[in-house]
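Working through the structure, step by step
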Amino acid sequence: MPASEDQTSPSVPYWLLHVGVDGVSTQRQCAFTQFESKGIQPGADPQWVGKTVRQMSGVMTTVLPVGWVGDWHENPAPQWIVPLSGRWFVEAMDGTRREFGSGEMSFGADQGCRGPKDRIGHRSGTVGDRPCTLMLVQFDDWTPGADPSSCPFA
């Protein structure tokens with residue numbers, strides 16, 4: 001059914017891994033909430049279309065083998081991480097740990113953490129007995145807002 005004006009605009013959750021004011025990485029749940037009911041191109045049936053928030057610099061797919069663990073590291077660039085199959089976890093410096101499955105998005109923005117050199121950024125790894133396939137959408141020009149704990153994408 002196409003999106004119409006009498007339907008409620010959706011809210012699509014995602015997790016944000018970010019650096020707090022103390023320099024320690026943490027995670028919080030956010031949501032995309034700014035949608036417009038319109039065709040994605042002229043003549044197309046209406047659907048809920050979110051606003052374009054940033055221009056990306058690259059897209060890649062990675063496959064993490066069963067048992068893979070990436071020890072403490074920062075994301076190489078601010079990036080969306082979307083599991084396509086399998087499950088994986090992310091553990092922040094403050095101890096928050098989240099597990100993600102197919103379609104559960106997170107945004108990795110933990111660049112610039114401060115703390116012990118052997119515990120900077122986050123740890124991540126596969127969960128379960130299947131490899132985890134991830135799609136990464138990286139940005140080269142993303143900067144957080146004035147409040148690093150605020151949700152940067154609405």
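Structure: see above.
This text gives an overview of the structure that appears in the document. Since we're looking at a predicted model, the values are computed, not measured.

Criteria and cut-off values
- Residues numbered from 1 in each chain as written.
- Predicted model: local features only at pLDDT ≥ 70, side-chain atom pairs only at ≥ 80, totals over all residues.
- Heavy atoms only, no water.
- Helix = DSSP H or I, 4+ residues; strand = E, 2+ residues; numbered from the N terminus.
- Buried < 20%, exposed > 50% of the residue type's maximum accessible area, 1.4 Å probe, protein only.
- Pairing = 2+ DSSP bridges.
- Axes fitted to C-alpha atoms, helices over the stretch in contact; angles between N-to-C directions.
- Patch = residues over 30% accessible without salt bridge, like charges linked within 9 Å, V, L, I, M, F, W, Y side chains within 5 Å.
- Areas by Shrake-Rupley, 256 points an atom, 1.4 Å probe, with all protein chains shown as cover.
- Salt bridge = Lys/Arg side-chain N within 4 Å of Asp/Glu carboxyl O.

Tracing the backbone shows Gln 47 in strand E4 (residues 47-50). Classification of Gln 47 by relative accessible area gives partly exposed; the value is 34%. The sequence separation of Gln 47 and Glu 36 amounts to eleven residues, and the corresponding C-alpha distance is 7.8 Å.

What follows concerns the sheet that holds strand E7 (residues 79-85). Sheets are built from strands that pair by backbone hydrogen bonding, the pairs being arranged parallel or antiparallel. Within the open sheet, the six strands sit side by side as E2-E1-E10-E7-E12-E5. Their pairing is mixed. Single-partner strands in this sheet number two, and they are strand E2 (25-32) and strand E5 (58-64). With strand direction ignored, the average angle separating the axes of adjacent strands in the sheet is 25°. One ladder, built from six bridges, connects E7 with strand E12 (residues 132-138); its direction is antiparallel. What sits directly across from Gln 79, in E12, is Gln 138.

The next thing to look at is the pairing of strand E1 (residues 12-19). Of all eight residues making up E1, six are buried, and the element is well covered by its neighbours. Sheet topology places E1 next to E2; eight bridges connect them, and they run antiparallel. Across the sheet, residue Leu 17 finds its bridge partner in E2, namely Gln 27. Between E1 and E2, which pair antiparallel in sequence order, lie five residues; one of them, Gly 23, sits at a positive phi of approximately 85°.

So, about a nonpolar patch on the surface. On the surface, Val 59, Leu 84 and Met 135 cluster together into a nonpolar patch covering about 230 Å² of accessible area. Looking at where Leu 84 falls in the secondary structure, it is placed in strand E7. Given the relative accessible area of 43%, Leu 84 is considered partly exposed.

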